[in-house]
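Architecture and fold: a report
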Amino acid sequence: MLFREAEETDVDEVVKMLANDPLGKTRENYIHPLPDQYLKAFEAIRSDPNNELIVAVWENQIIGVLQITFTPYITHQGGWRATIEGVRTSEYVRGKGVGTNMITWAIERAKTRNCHLVQLTTDKTRKDALRFYEKLGFQATHEGLKLKL
């Protein structure tokens, strides 16, 4: 399995994976052609040195995606954190270790950027995802809050 930064030609497959679950179906708009906002978001991510959209590739096919954001904080003595979001795998590879490999890769990537912490969120309705992350060593130490605008 190869991990690399996504290219513009990957955006269609990325959005397809994001839309392919019960929550994604309500949030994403996977139509052809893709709405412009997806390509604008991709360009913003690509142009920001502290954001990476990563795809997992096997036999020239994208089988997973995640976004990792590196953020400097004044807390923890000015330390950096990595935030992992938008983790998805293709339906046909679920349960085959792809997700574990992706998160392990992201943790190692955070170490190369001298991050002292890796954090992520998952929707409370995603019970399997919560168990998956806990199995990888993540702990629910904080309560997260969101305000939709």
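So, here's what we can say about the structure. On a predicted model such as this, the values are computed, not experimentally measured, just so you know.

Its location among the elements puts Phe 42 in helix α3 (residues 36–47). Residue classification places Phe 42 among the buried positions, given a relative accessible area of 4%. Measuring from C-alpha to C-alpha, the distance between Phe 42 and Leu 53 comes to 8.0 Å, with 11 residues separating the pair along the chain. In contact with Phe 42, not counting residues within four places along its chain, are Ala 6, Glu 7, Glu 8, Val 11 and Leu 53.

Turning to the packing of aromatic side chains, a few remarks are in order. According to the stated counting rule, one finds three aromatic pairs in the structure shown. A ring pair is formed by Tyr 133 and Phe 138, whose centres lie 6.1 Å apart and whose planes are at 75°; its orientation type is edge-to-face. Tyr 133 sits in the buried class, given a relative accessible area of 9%. Accessibility expressed as a relative area gives 15% for Phe 138, which makes it buried. Through pairs of rings, three or more aromatic residues link up here, namely Phe 132, Tyr 133 and Phe 138. Over the face of the ring belonging to Tyr 73 we find Arg 81, whose NZ or CZ atom lies 3.9 Å from the ring centre.

Now for the environment of Glu 59. Looking at the element boundaries, Glu 59 is found in the loop between β2 (51–58) and β3 (61–72). The exposed category is assigned to Glu 59, whose relative accessible area is 66%. On a C-alpha basis, the gap between Glu 59 and Glu 7 in space is 17 Å, while along the polypeptide they are 52 residues apart.

Time to look at helix α1 (residues 11–19). One full turn of an α-helix is made of 3.6 residues, so residues set three or four places apart face in the same direction. If you check which residues of α1 are buried, you get Val 11, Val 14, Val 15, Met 17, Leu 18 and Ala 19. Against the buried residues of α1 lie α2 (22–27), α3, β2, β3 and β4 (80–89).

Cut-off values and rules
Residues numbered from 1 in each chain as written. Predicted model: local features only at pLDDT ≥ 70, side-chain atom pairs only at ≥ 80, totals over all residues. Heavy atoms only, no water. Helix = DSSP H or I, 4+ residues; strand = E, 2+ residues; numbered from the N terminus. Buried < 20%, exposed > 50% of the residue type's maximum accessible area, 1.4 Å probe, protein only. Contact = heavy atoms within 4.5 Å. Phe/Tyr/Trp six-rings, centres within 6.5 Å; stacked < 30°, edge-to-face > 60°. Lys NZ or Arg CZ within 6 Å of the ring centre and 35° of its normal.

Any functional reading would require information that these geometric values do not contain.
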